[in-house]
Amino acid sequence: MEQGIICAGFGGQGVLSLGKMIVYVAMEKGLHVTWLPSYGPEMRGGTANCSVVASTEEVASPLVSTPDCLIAMNRPSLDKFINDVVSGGMVLINSSLIDIKVDRKDINVYYIPANDLALQHANERSSNIVMYGAYAKLNGNIGSMDEFEKILIKQFGKSADKDKIISAFHAGYEEIKV
Amino acid sequence: MAKKLFKGNEALGEAAVLGGCRFFFGYPITPQTELSEYLSWRLYDVGGTFIQSESEVSAINMVYGAAGAGARALTSSSSPGISLKQEGISYIACAELPCVIVNMMRSGPGLGGIMPSQADYSQATKGGGHGDYRMLVYGPSTIQEAVDIMYNAFDKAEQYRIPVMILGDGMLGQLMEPVEFPPLKQMPDPSTKEWATTGTHYGKDRRIVNSLYIVASENEAVNIKLQAKYDLLRKNEVMCEEYMCEDADIIITAYGTVARICKSAVKALREKGIKTGLIRPITLFPFPTEVFHKYANSDKTKKFVTIELSTGQYNEDVLLSVMGKKPVEFYCRMGGSVMTVEEIVNKVKEVY
């Protein structure tokens, strides 16, 4: 098993942290992992993305040019990567900020109103946590709900908003009906 | 020991400390800055010294001074900053002092860009500054390998009294991977450092750090001595990975992070029935010439394909090692663009 993931959005949406938390879950599972941020000029232009690879084998290339999973937090990110997603791959879309539907029929697309759910359960900055929850539901092979939650608690255990953040995670998790 | 998730730059900083580095002199530059940032606090834990110098020229000359006094000194930068350090590196090479230099290459020429590149290959492996000198140059491809190399880099530098360069690129510096760190290294007895200008309390002879030899015969003797050292490196220090080469019709060759993309391509090509292998030099100087000889002379090998992020600098060494015995195809990207697995697969299919 090898999964290449691209998490993309604009600066401040927590896409790099989102990728890192997925890496931690996969690491706990004993998988080989890499995390590669965009550090180039696009970062200075306000958009950010990271490539994550989780594999049962040693990771050769850490670059993800054809993702198995795309998490798009805003419209420019969706436009940039949607055509690269492999056939049969999955796309998680932040429908709070992206008002279009994907017309590709060969991929599984999930629309999650991440900002709305984040506002409802915690604060707007937690939209990445909602997506993390949605990703967790769809990727039982990377980790169980408890394993994803454990990493979240490790990251935010000392935060005053801990309970709200966990609630945002569960909101994302429940949003996906499979 | 449990593996920790570390960024390449920071992992190199930690490995340097564990390997005995106690002095760091440098000036920040993307995509290497996290290394100096990490050492700015980490060196204090072990009683070391961190100085952010006013320029790269100062940094390398601080390394020169510290090395001359017997210290384990490190400097790091990225391409334009490494260019500024060349004069100092040449002096250190001639004075036969040990030090470690990290270059996380970015694209050039000039100030260039901040994305990954391998365009400093010739500068690193053929000398770089003026005069006939070499460094021991490593091109790690994973963070764990970079850590293991850095951990022993000061030992190698002192064993040969030579500048050691770790040649990475922006991707290696920015990438995060789980790594396992070795234990804090016991420092060698300073009295064994016969070059160190520590006063005369370890011996009676004056110790002189110098790179000026006005008399031609004296300077020639210095050059002969240096060349003998480089021959010793060629004999003893070559490191190279051969991946699935045994039955390969096509052998891809690349180093550093690019070799990882090639490794994915080898797997993809084998799934399509094209028997492909990979030669990945770990030391770039000394170059694994004999590994190339072996496959160039083999009836099995049909072709080599060189892949690099520069316009044939690495390929020149490949060509010299293959010696015209087999065709060598070439594919590169430049200026901070990085090839995908698919591009390499297509190139191999095109020449197969």
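Scroll up a little and you will see the structure.
None of the values given here were measured: they were computed from a predicted structure.

Novice: What should I look at first to understand the overall build of chain B in this one?
Specialist: Along its length, chain B carries 13 helices and 14 strands. Over its C-alpha atoms chain B spans a radius of gyration of 20 Å, differing by no more than 12% from the 20 Å that the globule rule assigns to 352 residues. Taken along its principal axes, the extent of the C-alpha atoms in chain B is 65 × 50 × 40 Å. Sequence separation of 24 or more characterises 79% of the internal contacts of chain B that already satisfy a separation of 6 or more. Accessible area of chain B: about 13,700 Å², with a carbon and sulfur share of 53%. Positive and negative charge centroids in chain B, built from 37 and 40 side chains respectively, lie 3 Å apart.

Novice: Is there a simple way to explain the packing of helix 10 (residues 256-271) of chain B against helix 13 (residues 341-351) of chain B in this structure?
Specialist: Residue and element names in this part refer to chain B. One can describe the packing of helix 10 onto helix 13 by two numbers: an axis separation of 9 Å at closest approach and a directional angle of 55°. Our classification of the angle between helix 10 and helix 13 gives oblique. The crossing of helix 10 and helix 13 is right-handed. Each of Ile261, Cys262, Ser264, Ala265, Ala268 and Leu269 in helix 10 lies in contact with helix 13, whose residues at this interface are Val341, Ile344, Val345, Val348 and Lys349. Looking at side-chain class alone, the contact of helix 10 with helix 13 contains nine nonpolar, one polar and one charged residues.

Novice: Would you mind going over the interface of chain B and chain A with me for this structure?
Specialist: Quite often, the size of an interface is put as the accessible area lost when its parts meet. Taken together, the contact between chain B and chain A spans 26 residues of the former and 22 residues of the latter. Summed over both sides, the interface between chain B and chain A buries roughly 1,900 Å², with carbon and sulfur atoms accounting for 68% of that surface. Three residues, Leu5, Met176 and Arg260 of chain B, lead the burial of chain B against chain A; their summed loss comes to 27% of the area buried on that side. Applying the counting criterion to the chain B and chain A interface returns one salt bridge. For lysine 267 of chain B, the salt bridge is made with glutamate 57 of chain A, and the minimal N-O distance between the two is 3.9 Å. At the junction of chain B and chain A, the tally comes to six residue pairs in polar contact (both at pLDDT 80 or more). The element that contributes the greatest number of residues to the side of chain B that touches chain A is helix 10 of chain B, accounting for five residues. Among the residues forming the side of chain B that touches chain A, the class breakdown is 13 nonpolar, five polar and eight charged.

Novice: For this particular structure, what's the right way to read the sheet that holds strand 14 (residues 328-332) of chain B?
Specialist: Think of a sheet as strands paired side by side through backbone hydrogen bonds, with each pair either parallel or antiparallel. Residue and element names in this part refer to chain B. Pairing is mixed across the open sheet formed by five strands, whose spatial order is 9-11-10-13-14. In this open sheet, the two strands that pair with only one neighbour each are strand 9 (240-243) and strand 14. Direction aside, neighbouring strands of the sheet carry axes that sit 20° apart on average. As defined by bridge partners, strand 13 (residues 303-308) adjoins strand 14 across five bridges and the pair is classed as parallel.

What counts and how
- Residues numbered from 1 in each chain as written.
- Chains lettered and ligands numbered in written order.
- Predicted model: local features only at pLDDT ≥ 70, side-chain atom pairs only at ≥ 80, totals over all residues.
- Heavy atoms only, no water.
- Helix = DSSP H or I, 4+ residues; strand = E, 2+ residues; numbered from the N terminus.
- Rg over C-alpha atoms; globule rule 2.2 N^0.38 Å.
- Contact = heavy atoms within 4.5 Å.
- Areas by Shrake-Rupley, 256 points an atom, 1.4 Å probe, with all protein chains shown as cover.
- Lys, Arg positive; Asp, Glu negative; His and termini not counted.
- Charge placed at Lys NZ, Arg CZ, Asp CG, Glu CD.
- Axes fitted to C-alpha atoms, helices over the stretch in contact; angles between N-to-C directions.
- Parallel < 35°, antiparallel > 145°, perpendicular 65-115°, else oblique.
- Left-handed = near helix turned anticlockwise from the far one by under 90°.
- Nonpolar A, V, L, I, M, F, W, Y, C, P; charged D, E, K, R; others polar.
- Buried area = accessible area lost by both parts, 1.4 Å probe.
- Salt bridge = Lys/Arg side-chain N within 4 Å of Asp/Glu carboxyl O.
- Polar contact = N/O pair within 3.5 Å; in protein donor to acceptor, adjacent residues only side chain to side chain.
- Pairing = 2+ DSSP bridges.

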